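Fold and geometry: a report
Each chain, written out:
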Amino acid sequence: TKSFDKESLLDADRSHMWHHMSPYNPNPMIVTEASGSWITDIDGNRYLDGMSGLWCVNIGYGRQELADAAYEQLKQLAYFPLTQSHVPAIRLAEKVSEWLGEEYRVFFSNSGSEANEVAFKIARQFHHQNGEPGRYKFISRHRAYHGNTMGALAATGQSIRKEKYEPLAPGFLHVPPPYCYRCPAGKSYGKCNMECAQFFDQVINWEGEKSVAAVIMEPTITGGGVIVPAPEYMPKVREICDKYGVLMIVDEVICGFGRSGERFGHQNFGVKPDIVTMAKGITSAYLPLSATAVRASIADKFNEQGTNLHFRHVNTFGGNPAACALALKNLELMEEEQLVERSKELGEELRTKLAFLAEHPYVGDIRSFGFLMGIEMVEDRKTKEPAAPAKLTQVIAECKKRGLIIGRNGDTIPGFNNVLTLSPPFSTTSDDIDFIAQVMKEAFDTLE
Ligand code: PLP
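Residues numbered from 1 in each chain as written. Predicted model: local features only at pLDDT ≥ 70, side-chain atom pairs only at ≥ 80, totals over all residues. Heavy atoms only, no water.

Things to note about the overall build of the protein chain
When its secondary structure is counted, the protein chain shows 14 helices and 15 strands. Relative to its length of 448 residues, the protein chain is compact, with a C-alpha radius of gyration of 22 Å against a globular reference of 22 Å. Dimensions along the principal axes, computed over C-alpha positions, put the protein chain at roughly 65 × 60 × 45 Å. Residues classed as buried in the protein chain amount to 54% of the 448 residues present. For the protein chain, the proportion of contacts with a sequence separation of at least 24, taken over those separated by at least 6, is 71%. Distance from the positive charge centre (47 side chains) to the negative charge centre (56 side chains) of the protein chain: 4 Å. (Helix = DSSP H or I, 4+ residues; strand = E, 2+ residues; numbered from the N terminus. Rg over C-alpha atoms; globule rule 2.2 N^0.38 Å. Buried < 20%, exposed > 50% of the residue type's maximum accessible area, 1.4 Å probe, protein only. Contact = heavy atoms within 4.5 Å. Lys, Arg positive; Asp, Glu negative; His and termini not counted. Charge placed at Lys NZ, Arg CZ, Asp CG, Glu CD.)

Details of the sheet that holds strand β2 (residues 38-41)
What holds strands together in a sheet is hydrogen bonding between their backbones, with the strands either parallel or antiparallel. In space, the four strands of this open sheet follow the order β1-β2-β3-β13, with mixed pairing throughout. Here the strands that pair on one side only, and so sit at the sheet edges, are β1 (31-35) and β13 (404-405). In this structure, β2 lies alongside strand β3 (residues 46-49), joined through three bridges in antiparallel fashion. Directly across from Trp38, in β3, lies its bridge partner Leu48. (Pairing = 2+ DSSP bridges.)

Here's the deal with the nonpolar core
Judged by nonpolar contacts, the single largest core of 59 residues is most densely connected at Leu92, Met278, Met377, Val395, Met440 and Phe444. In terms of residue count, helix α11 (residues 321-336) provides more of this core than any other element does, eight residues in total. Counting residues domain by domain, this core receives three or more from each of domain 1 (6-62 + 338-445) and domain 2 (64-336). The contacts of Val395, once residues within four sequence positions are left out, are Met377, Ile406, Leu420, Ala443, Phe444 and Leu447. Formed by 31 residues, the second largest nonpolar core is a distinct cluster that contains Met51, Cys196, Met217 and Met234. (Core = buried A, V, L, I, M, F, W, Y, C linked by side-chain atoms within 4.5 Å. Domains from an automatic or database assignment.)

Side note on the domain arrangement of the protein chain
Assigned domains of the protein chain: these are domain 1 (6-62 + 338-445) and domain 2 (64-336). Placing a centre on the C-alpha atoms of domain 1 and another on those of domain 2 gives a separation of 25 Å. Taking both partners together, domain 1 and domain 2 bury about 3,400 Å²; carbon and sulfur atoms supply 56% of that area. Applying the counting criterion to the domain 1 and domain 2 interface returns two salt bridges. (Buried area = accessible area lost by both parts, 1.4 Å probe. Salt bridge = Lys/Arg side-chain N within 4 Å of Asp/Glu carboxyl O.)

Overview of the sheet that holds strand β8 (residues 247-251)
In space, the seven strands of this open sheet follow the order β4-β10-β9-β8-β7-β5-β6, with mixed pairing throughout. Lying at the two open borders of the sheet, with one neighbouring strand each, are β4 (104-109) and β6 (172-175). Along the sheet, successive strands turn relative to each other by an average axial angle of 20°, direction set aside. Looking at chain direction, β4 and strand β10 (residues 290-295) are connected through six bridges and run antiparallel. (Axes fitted to C-alpha atoms, helices over the stretch in contact; angles between N-to-C directions.)

Some thoughts on the environment of Tyr165
Mapped onto the secondary structure, Tyr165 falls in the loop between α7 (159-162) and β6. Among the residues examined, Tyr165 registers a relative accessible area of 49% and is labelled partly exposed. Residues Tyr165 and Lys187, spaced 22 residues apart in sequence, show a C-alpha to C-alpha distance of 35 Å. The contact partners of Tyr165, leaving out residues within four places of it in the chain, are Met150 and Leu153.

Quick look at the site of the ligand
The ligand sits among Ser111, Gly112, Ser113, Asn116, Tyr145, His146, Gly147, Glu218, Asp251, Val253, Ile254 and Lys280. The separation between an oxygen atom of the ligand and a polar side-chain atom of Ser113 is 2.6 Å. Protein chains bury 83% of the 390 Å² of accessible surface belonging to the ligand in isolation. For the shell around the ligand, the element with the most residues is helix α5 (residues 112-129), which contributes three residues. Partitioning the shell around the ligand into residue classes produces three nonpolar, six polar and three charged. (Near = heavy atom within 4 Å. Polar contact = N/O pair within 3.5 Å; in protein donor to acceptor, adjacent residues only side chain to side chain. Areas by Shrake-Rupley, 256 points an atom, 1.4 Å probe, with all protein chains shown as cover. Nonpolar A, V, L, I, M, F, W, Y, C, P; charged D, E, K, R; others polar.)

With respect to the packing of helix α12 (residues 339-353) against helix α14 (residues 430-445)
Close contact between α12 and α14 brings their axes to 10 Å; oriented N to C, the two are set at 30°. On the basis of the axis angle, α12 is roughly parallel to α14. Along this stretch, α12 crosses α14, giving a crossing that reads as right-handed. Residues Arg342, Leu346, Glu349, Leu350 and Lys353 of α12 form the contact with α14, whose participating residues are Ser430, Ile433, Asp434, Ile436 and Ala437. Grouping the constituent residues of the contact of α12 with α14 by class yields five nonpolar, one polar and four charged. (Parallel < 35°, antiparallel > 145°, perpendicular 65-115°, else oblique. Left-handed = near helix turned anticlockwise from the far one by under 90°.)

A few points about the pairing of strand β12 (residues 373-377)
A large share of β12 lies buried, amounting to five of its five residues. Going residue by residue along β12, you find Met373, Ile375 and Met377 tucked away on one face and Gly374 and Glu376 tucked away on the opposite face as well. Strand direction decides the pairing type here: strand β11 (residues 363-368) and β12, joined by five bridges, are antiparallel. Looking at the pairing, Asp365 lines up with Glu376 of β12. Counting the residues that bridge the hairpin from β11 to β12 gives four residues, and of these Gly370 lies at a positive phi of roughly 55°. Where β12 meets strand β15 (residues 419-422), four bridges bridge the pair, whose relative direction is antiparallel. Paired with Ile375 across the strands is Leu420, a residue of β15.

Looking at the pattern of salt bridges
A complete count under the given rule lists 34 salt bridges for this structure. Between Glu132 and Arg135 there is a salt bridge, and its shortest N-O distance comes to 2.8 Å. Residues Glu349 and Lys353 are paired through a salt bridge, measuring 2.6 Å at the closest nitrogen-oxygen approach. Taken together, the residues span about one helical turn, with Glu349 and Lys353 both in helix α12 at a distance of four residues. We classify Glu349 as buried; its relative accessible area is 17%. The exposure class of Lys353 is partly exposed, given its relative accessible area of 26%. Each of Lys95, Glu98, Arg263 and Glu335 takes part in salt bridges that share partners, so that together they form one network.

See below:
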């Protein structure tokens, strides 16, 4: 273990670092190492990383095989642009298609936001070349998060992340989310007509069906507060897309690569997207990499020999050989160690062991999808008034004191940032889940 001079590092951090998202914090946690599901800070404190970083270190920390795969590739061929080809990208594209279970062509970038930008541009160009150049609009959902760039942020449905940066990319529309706990149509599940899916039909009609290029959705809204749709929802949206010739883009940046208990989140619902975007878990976040997988029948319209219809988009670092080699090893290990199946089991174990929280007076709803979970906190279970922000801050701090990192999300309007989140690595053990349950119990018990 290396030793560090904490005070001089903190001084340098204050002078030179600009942290992501967070309000100014002169005393950030400096993490120095990690193994399995556990991280260690500069003081030697260990924490179970209940969020896998940012929902991304799926396989767990410290896998030598992944470091070796990148190292070997860097020695063999460190870089070549994907205007031509290289072996790790070819093998990874093949593996991603295999995981998708259909023939897709894969375009590599570096981040989830870029993968979504690629999807938007491909969707628009596809319609252009298909004789419908008027189709330029995208429909996503309120509360969704799709990234930080001007298009991906425009697709995002959380005002608080967008204000001060507007105007963003034009042409992005939103419909309410499939949020049974606070049904946007005022119905209750079982006594509704899937109004949440019908919103797409209405908006497509009102906007003019020939003006809509695509819808974009996560299989479950994750960063917007873990909003898990009813089983009929995605198939219904797929049906609506087909009815109007609108493409379906599925954002698997978080739900993909085993997090949902299947290889990809949409596979839980039996739908076949036209475009699938992915990042985070593709490398378990060991190196930056993302991908936009496009159904072969669509991609082939760009790639006919003798035409000039190609996709005019290049990304210098996209599909870096070391990142691709590492990603391939990551997916091979997940197969060998059956980590997708393990994620499903872990999700069930977490649900069972945290079920007691459903009785807590400040818990309104517990939602889970594979091995990720959202605990929506309320002041009053009858009125569903969101819990005071201080209550969430307290639970998070009490968990941290006891060695557990959890997340918080849902921030569409101030006051609604009231969902605690968990998304631990697949290396998590049954003992770790007992630990999570015990710490959460103690942390909730500190609330008045
Ligand atoms: N899409 C979803 C669903 C995400 O959760 C994120 C990031 O959290 C993104 C896209 C953007 O990914 P990135 O931060 O790699 O640009």
